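Working through the structure, step by step
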Amino acid sequence: MPVDKVDLTRINMKQGLTIMLALTLLSCTSDNVTTLTDLNGKWVDFNTKSDTLTFGLFGDKESIILGRGKETRDGFVLPKHGSGPYDYKLLTGDKISLRWTLSSNGNFNDYYFKQSGDKLTIEKFYDTTTSGTMLTFKKLN
């Protein structure tokens with residue numbers, strides 16, 4: 001008995017949907033991680049106008065790059081402390097978990113995090129010498 005193309009298409013679509021569902025379920029973790037698609041791009045600190053956060057794919061990994069400018073330390077011009085790449089996980093409940101990849105400490109630390117439109121508010125995770133506990137960033141177009 002010949003099989004027509006419509007029957008094969010239905011079988012392939014069912015198998016494809018089953019595989020996609022299985023992969024979706026397998027990719028879930030217990031970290032309650034959420035994603036925000038409008039984060040990708042560059043954000044500038046609303047107050048200093050110099051510190052920047054860049055969210056994106058760097059190599060094969062989603063990361064944040066913190067740009068803070070340069071300073072002279074011990075006669076060398078170096079990036080300001082805290083600059084560089086951070087691994088991150090967006091958690092439920094207005095939280096982000098960050099790990100500075102240039103640090104010898106491999107632990108993630110959780111901070112308050114809220115993004116709304118072109119405004120991002122994050123608990124201060126670098127430069128603890130300045131006052132205030134929250135940082136506000138605006139997305140650059």
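Above: the structure in question.
Residues numbered from 1 in each chain as written. Predicted model: local features only at pLDDT ≥ 70, side-chain atom pairs only at ≥ 80, totals over all residues. Heavy atoms only, no water.

Among the structural elements, Q115 can be located in strand β8 (residues 109-116). Residue class for Q115 comes out buried when judged on its relative accessible area of 15%. Q115 sits 77 residues away from D38 along the chain, and the two C-alpha atoms are 8.8 Å apart. A polar contact is formed between the side chain of Q115 and the backbone oxygen of G117, at a distance of 2.7 Å. (Helix = DSSP H or I, 4+ residues; strand = E, 2+ residues; numbered from the N terminus. Buried < 20%, exposed > 50% of the residue type's maximum accessible area, 1.4 Å probe, protein only. Polar contact = N/O pair within 3.5 Å; in protein donor to acceptor, adjacent residues only side chain to side chain.)

Here we come to the side chain of S63. With respect to the helices and strands, S63 occurs in strand β3 (residues 61-67). The buried category is assigned to S63, whose relative accessible area is 7%. Setting aside its immediate chain neighbours within four residues, S63 contacts T54, F55, G56, F58, Y86, D87 and Y88. (Contact = heavy atoms within 4.5 Å.)

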